[in-house]
Structures are given as C-alpha cells and as structure tokens.
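Descriptive analysis of the structure
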Amino acid sequence: MQDTQERSPEAPVAPEPGAHAWPRHWLLLLGAAVLPGLVLYLVGRWGDAPAVQAWRTVALSVTVQAVPFMLLGTALSGAINAFVPASVFTRLLPKRPALAVPVAGAAGVVLPGCECASVPVANSLIARGVTPAAAFAFLLSAPAVNPIVLTATAIAFPGRPEMVLARLLASLLAAAAMGWLWLWLGKEEWLRPAVRHTGHQPGHSRWTEFRSGFQHDFLHAGGFLVVGALAAATFNIAVPPSVLGTFADSAWLSVLFLAALAILLAVCSEADAFVAASLSGFSPVARLTFMVVGPMVDVKLIALQAGTFGRAFAVRFSAATTVVAIVCSVLIGGVLL
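Residues numbered from 1 in each chain as written. Predicted model: local features only at pLDDT ≥ 70, side-chain atom pairs only at ≥ 80, totals over all residues. Heavy atoms only, no water.

To continue, consider the environment of L264. As for its placement among the helices and strands, L264 is situated in helix α11 (residues 251-265). In this structure, the C-alpha to C-alpha distance between L264 and V297, residues 33 residues apart in sequence, is 9.3 Å. (Helix = DSSP H or I, 4+ residues; strand = E, 2+ residues; numbered from the N terminus.)

Turning to the confidence of the model for the chain, a few remarks are in order. Chain-level pLDDT for the chain is 75 on average; 65% of the residues reach the 70-or-more range. For the chain, helix α1 (residues 25-46) is the element with the lowest average pLDDT, namely 54, and helix α13 (residues 284-293) is the one with the highest, namely 95. Contacts from residues 1-8, a stretch scored under 50 in pLDDT, to residues over four places away or in other chains number one contact. Taken together, the stretch residues 16-22 has pLDDT below 50 and engages in zero contacts with residues farther than four places along the chain or on a different chain. (pLDDT = per-residue confidence, 0-100. Contact = heavy atoms within 4.5 Å.)

Let us look at the packing of aromatic side chains. If you walk through the whole model with that rule in mind, you get eight aromatic pairs. Measuring from centroid to centroid gives 4.9 Å for F136 and F313, while their planes differ by 35°, and the two rings are tilted. Highlighted residues: F136 in helix α6 (residues 132-145) and F313 in helix α15 (residues 311-336), separated in sequence by 177 residues. Across the pair, exposure class does not vary: F136 and F313 are buried alike. Considering the side-chain rings of F309 and F313, the 5.1 Å spacing of their centres and the 65° angle between planes classify their relative orientation as edge-to-face. The exposure classification of F309 matches that of F313, with both residues buried. (Phe/Tyr/Trp six-rings, centres within 6.5 Å; stacked < 30°, edge-to-face > 60°. Buried < 20%, exposed > 50% of the residue type's maximum accessible area, 1.4 Å probe, protein only.)

On to the side chain of R287, then. The topology assignment puts R287 in helix α13. Of the side chains bearing the opposite charge, E162 lies closest to the buried R287, which forms no salt bridge; the N-O distance is 9.2 Å. Non-local contacts of R287, meaning those with residues more than four positions away in its chain, are made with F157, L258, A276, A277, L279, S280 and F282. (Lys, Arg positive; Asp, Glu negative; His and termini not counted. Salt bridge = Lys/Arg side-chain N within 4 Å of Asp/Glu carboxyl O.)

Right, here's the structure in full:
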C-alpha cells in the first residue's frame, strides 16, 4: 500500500496558507493609478515655491532657446548624410596626412553635424580610405565649429563676439592637435573599425534616408538637451552659493569643474552654449572650456567610440582629447577673453 496517493487532475487545489487572493498585476495597476496623482499633487503643492519657479524658468528658457538650433542642425546633418557623397571628402583632402588633418578639421566649419553622427561618419571615412588622423580631426571639429553651433553661441552670448571666436579657434586647435597626436603616437592595434554604412544606399529613397536620419538625430539629441537643461537648472538653483564659490573663485578649479560637467551632462552641441551662458557664476574661460570639451568628449560619445572603434581606442582617445581640449581652451581663452 502506497504511503501517498496521486491527486486527481480534476480535484480542486486548495490555496496555500497566506496566499494573496488578488492577481499580482493588480498591484501594478493600482500603482499606475495612484502614483501619477500623487506626483501631480506634490508638484502642485510645491510648484509655487520661489525656488521651483526659478528652476522652471531656467529649464524652460534653456530648452526653448536651444530647440530651433538643434532642429536646424539635425536637419542639415541628415541632409548631408543622405545627399552628399562620401567621395567628396576623399577628393578634397590632401594626400599627405599631416596636411589632411587641419583641412579635415576646417571642413567642420562648413559641414555641420551633431556629435552623435560624427562617430559613424568618421568610421565611414576611414573605410573609404581617409587617413584615421584626418577622420578623427573631422570627428572632433564638425560638432563644435559648424555654422549652427557658432550662430547659437553668438545668440547665447549677445555682444560677446570674442566668445564665438574663442570657441572657433580653441576647437579647431584641439581637433588638429588630436589628429597630429594620432599621427605621432597612434597605433593600428588600438583601432578596431566596425564599418557602418552612412550616406546614401543604392536602391533607397534619399528623402526616406533624410527623414529617418533627421528623426533619429533629433529625438536622440533632444533627450540629452532636456536632461542637460534640467541639470543646468538644478545646478543653478540647488547648489549653495558657498559651494559654487569654492570652484568659481579658483581659476583652475572652475575650468576643471566645468570640463567634468560637460562630460557628464552630454548636452547637444547646438544647445550647449545656452547652458554655458546660464552658468553665469563662472569665468569666461571656464565656460569656454565647457563648450570646447562637451562636443568632443562626453559619456555618450565615449560609448559610441567604444562600440565603433573598440574600448582600447575610446579610453585613450577620450582621455587625451579631454586634456588637449582643456589646454587649448585655457590658451585661447586667456588671450581673447
């Protein structure tokens, strides 16, 4: 005789002691119904506080001022990607790498593009025979010195044309210096090209490619813009003046602090001038450093470079670019600002 008997499939199973009678997803539905109301209540209760009003004003002003330039910049970037052949770059660049570096850097002045698109474009140029040093110079300069960025900088700093000139010269100098540094110290084993197609694909509609590229760049950059605007507003309102004074009163600490902030905020280059202008407690050189470092080195660019060229390249290139960009900003800013 067996000690236990098999339970009949038709026999009802009694609930275990302490088992919850409601389906678990009811808790999620209940939370989805209650939490938004709670958030709205708290926002409405504290929304009239002077600090919150100031925070909201700063965040909205930075966003509203920057969106038109980001919209135009991403539209032009998508148009270049869809309608300008990649062979244009190889025909225009000099054959000698040392001369191709500054020419590629200067090309960023007339060929706008956001930093999100600069990495795959540089990878495409390398795949088409452009020397890596020149491709990296273009990668660094295009998001920093294109007409959209310079125009946005002029509007963010009205009556300060020296700030626009300083940004142009410091960014070009940093891009060329990094290209020459790669010619001198760069090694092929650091570079792992993972070719991605950029530009027009045969058989595809150019307008469809333009629309998809523009939509991707705008939505991607727009998210970083909103985060950067919120962070800048929080930084201006929440950080005590005594803490800011510790960094702002020191020439070197203010420069290093805003360089680190640019890397962490990862604001789109079409919008970073408005964020820099809002950091009024810092010196012009420190704010110039924020605008030069940001388009060349930030957390999203480091991730893009690691995924495209390899982690060994991204670590070395980002660290060297940060140092070079800071030095160039201090040198140019010390003379012009």
